[in-house]
Structures are given as structure tokens and as C-alpha cells.
Amino acid sequence: GLDQGFDTYNDRGGKFTRPLNRSLAWLRAHGQRPFFLFIHSYVTHHPYTPPAPYHRMFYPEYQGKLGSRIGISLLQRINQGQLEVSDEDRRHIVAMYDGEIAYMDNRMGWFFQQLKKMGLWDRTLIVFTSDHGEEFNEHGMMGWHSHTLYDELLKTPLILRFPSGSPAGRRIAAQTRGVDLFPTLLDLL
């Protein structure tokens, strides 16, 4: 039922560039009238498998046993105490996550350039958010979420980019909730 309310819904996966290209094709066909486009990604989510060169970007000297795919079963074995890891291994796991963030940042920058070329950038409200954070050994779990209510899991980014960039730079310090996003956007629109 995730497709409820959408005129067009596409949940075919693939590398992050594929959904972005499909979104651009959709915008070419529909972007001249008001639109709502929702792009969801698991790029910054376990398993941590950033593509080259991002897989070595943040800890290129790592020579440990974990490799360039930090999969769910590997993280489960670590978190259940079945696989002992060193501080270097933990740093590598975080570096792989950071590589996914850098890859996402690169791809979103490319996507935003395409919006500018299409003349949509200055008339589009962009919302960037996440549904959860990740724990990296702050409270005993590595590369995991959905098990506690600590800040590293609850605090998520919410970035709004208004048409023409205004009001740029404003920060809201008060606690907010994901459930508040929809009515806030309706008020803005």
C-alpha cells in the first residue's frame, strides 16, 4: 500500500543513479505544472557498500579482515558477540557508512544540477530527511538502529531548500517530530 495517493509509483531498485534518472524522465514529462516527487533511497543504510572511490575515501589505509561489504549478517554477528572486531574494524565500518553519505551527496548534487538545467531549481521546494540514525558503538551496537531511543538513532537531518534559496541558513533548535513534516509543508505551500 505504499503507492496510495501517487499517480505514478515506481519501486524498482537499482543503484541510486537509476531512480534519479527515472525521476528526471518523469520531471521532463510532468515538471511544467505543480508536482510532488518523492525519492526514497537505502544508500545510507546497512549493508554499507559504497561504490569506488567512496569505499576507500575515509579510511584508505585499512587492511583488516572486514572487506568492502559491511553486510547485515556481518553486523549481526558483531552485535551478537559472535565476531570480535578491533578499533580499526569499527573505524572501517564507520568509514564505509561515511562513504555512502559522500556518494549520496555527490549524486544529489548531480541531480540538483539537472533541476537547474531544466529550470526547476528556483521554483521547487526540496525536502531532505531521514527516518532514523545509526549507532556506531555509542551504546554497544555497531551499524544498527531500531533498538533504543538514544539521540544517535532519533536525531535525523531535516533540510528544507526553498525556491530561490530563501530563507537560507535558518536553524530550528526546538525538538520536532517526523509526524510534523506533512502539516508543516502544507502550511509552507
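I will try to describe carefully the structure that is included in this document. (Residues numbered from 1 in each chain as written. Predicted model: local features only at pLDDT ≥ 70, side-chain atom pairs only at ≥ 80, totals over all residues. Heavy atoms only, no water.)

1. Side note on the nonpolar core
Piece 1. In this structure, Tyr-48, Leu-66, Ile-70, Ile-78 and Ile-93 are the most contacted members of the largest nonpolar core, which totals 17 residues.
Piece 2. Contributions of two or more residues to this core are made by helix 2 (72-79), helix 3 (87-117) and strand 3 (142-144).
Piece 3. Here this core takes four residues from helix 3, the largest share from any one element.
Piece 4. Those residues within four positions of Ile-78 in sequence are excluded, and the remaining contacts are Leu-83, Val-85, Ile-93 and Met-142.
Piece 5. Phe-16, Met-108, Leu-115 and Trp-121 belong to the second-largest nonpolar core, a separate cluster that totals 15 residues. (Core = buried A, V, L, I, M, F, W, Y, C linked by side-chain atoms within 4.5 Å. Buried < 20%, exposed > 50% of the residue type's maximum accessible area, 1.4 Å probe, protein only. Helix = DSSP H or I, 4+ residues; strand = E, 2+ residues; numbered from the N terminus. Contact = heavy atoms within 4.5 Å.)

2. Looking at helix 3
Piece 1. Taking 1.5 Å of rise per residue, the 31 residues of helix 3 would be expected to cover 45 Å, and the 45 Å separating its terminal C-alpha atoms lies within 8% of that figure.
Piece 2. One or two residues past the end of helix 3 sits Gly-119, with phi positive at roughly 75 degrees. (Expected span 1.5 Å × (residues − 1).)

3. Concerning the packing of aromatic side chains
Piece 1. For the structure on display, the rule yields eleven aromatic pairs.
Piece 2. On the basis of an interplanar angle of 45 degrees and a centroid distance of 5.6 Å, the ring pair of Tyr-59 and Tyr-62 is categorised as tilted. Across the pair, exposure class does not vary: Tyr-59 and Tyr-62 are buried alike.
Piece 3. Look at Phe-112 and Trp-121: their rings are 5.1 Å apart centre to centre, the planes differ by 50 degrees, and that puts the pair in the tilted class.
Piece 4. Given a relative accessible area of 15%, Trp-121 falls into the buried group.
Piece 5. An aromatic cluster of at least three residues, connected via ring pairs, comprises Phe-6, Tyr-9, Phe-36 and Phe-38.
Piece 6. The ring of Tyr-59 has Arg-91 sitting right over it, with the charged end atom 3.9 Å from the ring centre.
Piece 7. Note that Lys-116 overlies the ring of Trp-121, its terminal NZ or CZ placed 4.8 Å from the centroid. (Phe/Tyr/Trp six-rings, centres within 6.5 Å; stacked < 30°, edge-to-face > 60°. Lys NZ or Arg CZ within 6 Å of the ring centre and 35° of its normal.)

4. Description of helix 1 (residues 17-30)
Piece 1. Across its 14 residues, helix 1 extends 20 Å between first and last C-alpha, which sits within 8% of the 20 Å expected from 1.5 Å per residue.
Piece 2. If you check which residues of helix 1 are buried, you get Pro-19, Leu-20, Ser-23, Leu-24 and Leu-27. Down the axis of helix 1, the smallest arc covering the buried residues is 140 degrees, so these residues share one side. Turned more than 90 degrees away from the buried face of helix 1, the exposed residues are Arg-28 and Ala-29.
Piece 3. Among the structural elements, helix 3 are those in contact with the buried residues of helix 1. (Arc of directions from axis to C-beta.)

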